[in-house]
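Now for the letters of each chain:
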Amino acid sequence: MMIQIYGFHWSIYAQRVMPAFSRWITEMDEEAVWQFYEQTRCAHEECILPPAMRRLQSWSRAQTFVHQLPRGPYTYHEYLKLCSAEQFTDLSDHYMYQHPPQLPKESDALRAVWGATIEEHCLAPFSFSSNDLSQQQAQEQTDAEERTTAPVRGELIDLLRQAGFSDLAQEVQQEERVATEPLEDNDDTQILHMQSSQQPAQEEFQEIDDEGITEASRDTGPRGVELGRYPASLHLRGWLAGISIRAMALFELLACGRRCMPFGYRIGEPFESFIGYLTPDEVWHLALCLRNVQGPARLDAEEQYRLFLQLQASQSDSFRMIDEIPPTHAHVFMKAVRTAASQGLGLICRVE
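Residues numbered from 1 in each chain as written. Predicted model: local features only at pLDDT ≥ 70, side-chain atom pairs only at ≥ 80, totals over all residues. Heavy atoms only, no water.

Colleague: Explanation requested: the confidence of the model for the protein in the structure shown.
Modeller: Any region with low pLDDT has predicted coordinates that should not be read closely. Overall, the prediction assigns the protein a mean pLDDT of 80, with 72% of residues at 70 or greater. Low pLDDT, under 50, characterises residues 147-152; the stretch is placed with two contacts to residues that sit more than four places away or in other chains. When the criterion is pLDDT under 50, residues 178-219 qualifies, and its contacts beyond four places in sequence or with other chains add up to 52 contacts. (pLDDT = per-residue confidence, 0-100. Contact = heavy atoms within 4.5 Å.)

Colleague: Which parts of the structure should I look at to understand the packing of helix α1 (residues 10-27) against helix α5 (residues 73-82)?
Modeller: A pair of packed helices is characterised by two quantities: the angle between their axes and the separation of those axes. Relative orientation of the contacting elements α1 and α5 amounts to 165°, with a least axis distance of 9 Å. By the angle between their directions, the pair α1 and α5 is classed as roughly antiparallel. α5 is crossed by α1, and the crossing has right-handed handedness. Seen from α1, the contacting residues are Met18, Ser22, Ile25 and Thr26; seen from α5, they are Tyr76, Tyr79, Leu80 and Leu82. Split into classes, the residues belonging to the contact of α1 with α5 amount to six nonpolar, two polar and no charged. (Axes fitted to C-alpha atoms, helices over the stretch in contact; angles between N-to-C directions. Helix = DSSP H or I, 4+ residues; strand = E, 2+ residues; numbered from the N terminus. Parallel < 35°, antiparallel > 145°, perpendicular 65-115°, else oblique. Left-handed = near helix turned anticlockwise from the far one by under 90°. Nonpolar A, V, L, I, M, F, W, Y, C, P; charged D, E, K, R; others polar.)

Colleague: I'm lost on the nonpolar core in this one. Help?
Modeller: One broad rule of soluble globular proteins: the nonpolar side chains tend to lie buried together. With 45 residues, the main nonpolar core has Tyr13, Val17, Phe21, Trp24, Leu110, Trp114 and Ile118 as its most contacted residues. Per-element accounting of this core gives the leading share, 10 residues, to α1. Ignoring anything within four residues of it in the chain, the contact list for Trp114 reads Tyr13, Met18, Phe21, Met261, Pro262, Phe263 and Phe274. (Core = buried A, V, L, I, M, F, W, Y, C linked by side-chain atoms within 4.5 Å. Buried < 20%, exposed > 50% of the residue type's maximum accessible area, 1.4 Å probe, protein only.)

Colleague: Help me understand the pairing of strand β1 (residues 2-8) in this model?
Modeller: Here is the key point about a regular strand: its side chains alternate between the two faces of the sheet. Counting buried positions along β1 yields seven of seven residues, so the element is predominantly enclosed. Looking at chain direction, β1 and strand β3 (residues 225-229) are connected through three bridges and run antiparallel. Bridge assignment links Ile5 to a residue of β3, and that residue is Val225. For β1 and strand β5 (residues 346-351), the ladder comprises six bridges, and the chain directions are antiparallel. Bridged to Phe8 within β5 is Gly346. Across two bridges, β1 lies against strand β2 (residues 123-124) in antiparallel orientation. The partner of Gly7 across the bridge, within β2, is Ala124. (Pairing = 2+ DSSP bridges.)

Colleague: Is there a simple way to explain the side chain of Thr75 in this structure?
Modeller: You can see Thr75 is positioned in helix α5. One polar contact links the side chain of Thr75 to the main-chain carbonyl oxygen of Pro70, over a distance of 3.5 Å. (Polar contact = N/O pair within 3.5 Å; in protein donor to acceptor, adjacent residues only side chain to side chain.)

Colleague: Just checking my understanding: could you explain the pattern of salt bridges for this structure?
Modeller: Counting across every chain of the model gives 17 salt bridges. For the salt bridge of Arg258 with Asp93, the shortest nitrogen-to-oxygen distance reads 3.0 Å. Taken as a pair, Arg258 in the loop between α13 (245-255) and β4 (274-278) and Asp93 in the loop between α6 (85-90) and α7 (108-121) lie far apart in primary sequence, 165 residues in all. Comparing Arg258 with Asp93 shows no difference in burial state: the two are buried. (Salt bridge = Lys/Arg side-chain N within 4 Å of Asp/Glu carboxyl O.)

Below is the structure:
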């Protein structure tokens, strides 16, 4: 299962998409939803079905499902809360509410219509440039080299002192200290200096820079930031727990199924696999939790996971939980969070 996160245009979702679904479910007015849906990849793929199979289309089955929903004073208010982005989000925590707003039963067709609409109109794909990735790889390689050469430098300094070259040993030690001092402030932390109340106006659909996105990825929908395959989510969650309980909880809402989705989710289905999201305010709080954090080196994380699997296979007495393995995708996750925070975006997670 591959975990991917995307920027999430919350204003479009809350002010345009969910009000359209509310009118459809409560008032049987499907025009606005259809205008959104007919532009989606799902609709384009299903339009080639022969006439005899049109009843199998997601839109046709979703129409039938909505027409058959029970109607009454209680269900009306339940549907209103379900389709209000703000109200539903407040009540969407599985750990707090056993019965958040929901339909009497789930519909894979309605979920596909909703997911396809989100994919087409609400996602802001991240497109980190090749320079960003090459810089990260170069930094990781430098870190690995420094860890390898650090003992050698220490031995060299000791030998110089024993030979009576104390001044030269002091110069070498001073050069090493200067080379390893961290920079004071970088671009990732500077974005957190903006006021949390600032939200960019995003009333209209935006054109997203797609530098680095291949033609193949356009054919399969917007490109997200990959956080690895399961159990990568457990690695990230455990690592975040050691930094901040709030950061861990927000990550659970985003990627671990702790947040209910309006029409549920089904992992592995192209348009039904959105498992959680964060609002712009929640992303802001997550970025604050991570403002002074440096992720573990990818090479170290990979090596520790390999060692963990070896110990598990050998049934060693060494006890270590999967959540205690450092994540290999911490850097790209933090960059995605900081980028979304700087642009006033939410985040949404898909597991395929």
